[in-house]
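# Chains, contacts and geometry: an overview
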Amino acid sequence: MQRRDFLRAGAPLGLAGLAGCTGMFETQSSAASQFTTVADRGEEVYYPSHIDGMTMVGMGGMGRYKVGLMYSAPHAFWTITGTDLNLAQVGEDVTAHLMATIWDSETKTVLPTSNVSATILKDGEEVDSRSLWPMLSQNMGYHFGDNVALDGNGTYTAKLSVGAMQARRMGAFRDAFGDQTTLEVEFEHTREKLGGLSYEQLPDKKGTAGALEPMEMKMPIAQVPKPDALPNTIGVGSSGDAKFAAFAPDENPHFVPDGKSYLAVSPRTPYNRYPLPFMSLSAKLVRDGETVFDDILRSALGSEFGYHYGAAVDGIESGDELSVVVDAPPQVARHEGYETAFIEMPEMQMTV
């Protein structure tokens, strides 16, 4: 077994006591060596019990791909399968919570790639290797991350294998990001650097509806436009504490046949307008009592309006009735404050 540099101070070590989506939960801070309990949180976005400090450790890139690598003290998070939450506890051998944001160097748009794996080397020797979770946190937004084990102070290289983007690519992205690539980031790690990161408790806000402000970072953060900044907004709705904006761009994407219109739906978090990727959405469009569209909406990325879901339809007219159904909630891991939201998501009705 390799020697591991296990950080024991200044950060939460785990989470326990999750009872469904709305029950009691507890978080344990190794700094305080006690449990902090928030009772009766609802199925909504809420202020977490604390804020973990984080730091940028390095950047890399190849072609239009850019990556920023950050880390914080290790902490637990939730993964989701369908509508089932799974608490990912902190292992005893981990050192840090590693986070990567990947974006387009030309448009500064964060990329919703679904598959990113990391191999971490020290002096040419592999010390950790794992698939990173697509994740959502209040202060960092959409990113990839997991708890990792580092082997003491020193210089490391993180090799990130980035899969081809599965979302349909529009406009400036049409001919980009269709292939797998590998990005490398070299970084320095010391116990002092990681142990010196901040840890702030939120005794007055924890558990109440709201969200932390996005961090100021030397890299982009994933956000979608406000509804009134989207082209031809035709309806807004809410489901599972997520906000939805339906719109119809003036210019159709290249994959929409002549004579059709593009119906797009943009889901986002309620406070910071972070996109919600890896959902399954479908929609029905009814005109004068007749169904003119009833099918799935496919994920897509455009530089002007970001990550969304859309489909070609037989026109969109005033008075049309639009139903949007969440067939599966966002399949992204969640940091504290997001794990009770975006799970039970009722159908939405909008009138154009």
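Residues numbered from 1 in each chain as written. Predicted model: local features only at pLDDT ≥ 70, side-chain atom pairs only at ≥ 80, totals over all residues. Heavy atoms only, no water.

## Some details on the overall build of the protein chain
When helices and strands are counted, the protein chain shows one helix and 25 strands. Across the 352 residues of the protein chain, 55% fall into the buried class. In the protein chain, the proportion of contacts linking residues at least 24 apart, taken out of those at least 6 apart, comes to 70%. When the accessible surface of the protein chain is summed, it comes to about 14,800 Å², and 44% of that surface belongs to carbon and sulfur atoms. (Helix = DSSP H or I, 4+ residues; strand = E, 2+ residues; numbered from the N terminus. Buried < 20%, exposed > 50% of the residue type's maximum accessible area, 1.4 Å probe, protein only. Contact = heavy atoms within 4.5 Å. Areas by Shrake-Rupley, 256 points an atom, 1.4 Å probe, with all protein chains shown as cover.)

## Describing the environment of Ala-283
Turning to its location among the elements, Ala-283 is positioned in strand S20 (residues 280-287). Linking Ala-283 and Val-265, residues 18 residues apart in sequence, is a C-alpha distance of 9.3 Å. Each residue touching Ala-283, except ones within four places of it in the same chain, is listed here: Leu-263, Phe-293, Asp-294, Asp-295, Leu-297, Leu-322, Ser-323 and Val-324.

## Some points on the pattern of salt bridges
Counted under the stated rule, the structure contains eight salt bridges. Note that Arg-64 is salt-bridged to Asp-104, the shortest N-O span being 2.8 Å. With a gap of 40 residues between them, Arg-64 in the loop between strand S5 (54-62) and strand S6 (65-72) and Asp-104 in strand S9 (residues 96-104) connect regions that are remote in the sequence. The residues Arg-64 and Asp-104 share a single accessibility class, namely buried. With a shortest N-O distance of 2.5 Å, Asp-314 and Lys-260 are connected by a salt bridge. Taken as a pair, Asp-314 in the loop between strand S22 (306-313) and strand S23 (321-328) and Lys-260 in the loop between strand S18 (242-247) and strand S19 (261-268) lie far apart in primary sequence, 54 residues in all. Several salt bridges converge on common partners, so that one network encompasses Arg-64, Asp-104 and Glu-106. (Salt bridge = Lys/Arg side-chain N within 4 Å of Asp/Glu carboxyl O.)

## A word on the confidence of the model for the protein chain
For any part of a model where pLDDT is low, the fine detail of the predicted coordinates should not be relied upon. The share of residues in the protein chain with pLDDT of 70 or more is 89%, and the mean pLDDT across the chain is 88. The low-confidence segment residues 1-37 (pLDDT under 50) makes 110 contacts with residues lying over four places distant or belonging to another chain. (pLDDT = per-residue confidence, 0-100.)

## Notes on the pairing of strand S21 (residues 290-302)
Summarising the sheet, strand S14 (residues 168-169) and S21 pair through two bridges and their orientation is parallel. What sits directly across from Arg-168, in S21, is Ala-300. Here S20 runs beside S21; their pairing, made up of seven bridges, is antiparallel. Following the sheet pairing, Ala-283 is matched in S21 by Asp-295. By the bridge criterion, five bridges tie S21 to S22 in an arrangement that is antiparallel. Paired with Ala-300 across the bridge in S22 is His-308. (Pairing = 2+ DSSP bridges.)

## Some thoughts on the nonpolar core
Core analysis: the biggest nonpolar cluster contains 74 residues, and Phe-244, Leu-281, Leu-322 and Phe-342 have the highest contact counts within it. Sorting elements by how many residues they give to this core places S9 first, with six residues. Leu-230, Ala-245, Phe-247 and Val-256 belong to the second largest nonpolar core, which has nine residues in total. (Core = buried A, V, L, I, M, F, W, Y, C linked by side-chain atoms within 4.5 Å.)

## Examining unusual backbone geometry
We note that Asp-123 has phi near 55°; this positive angle belongs to a residue other than glycine. Here Asp-123 is to be found in the loop between strand S10 (116-122) and strand S11 (125-137). A relative accessible area of 73% places Asp-123 in the exposed class. In this structure, Phe-278 is a non-glycine residue whose phi angle is positive, near 60°. Examined against the element boundaries, Phe-278 turns out to sit in the loop between S19 and S20.

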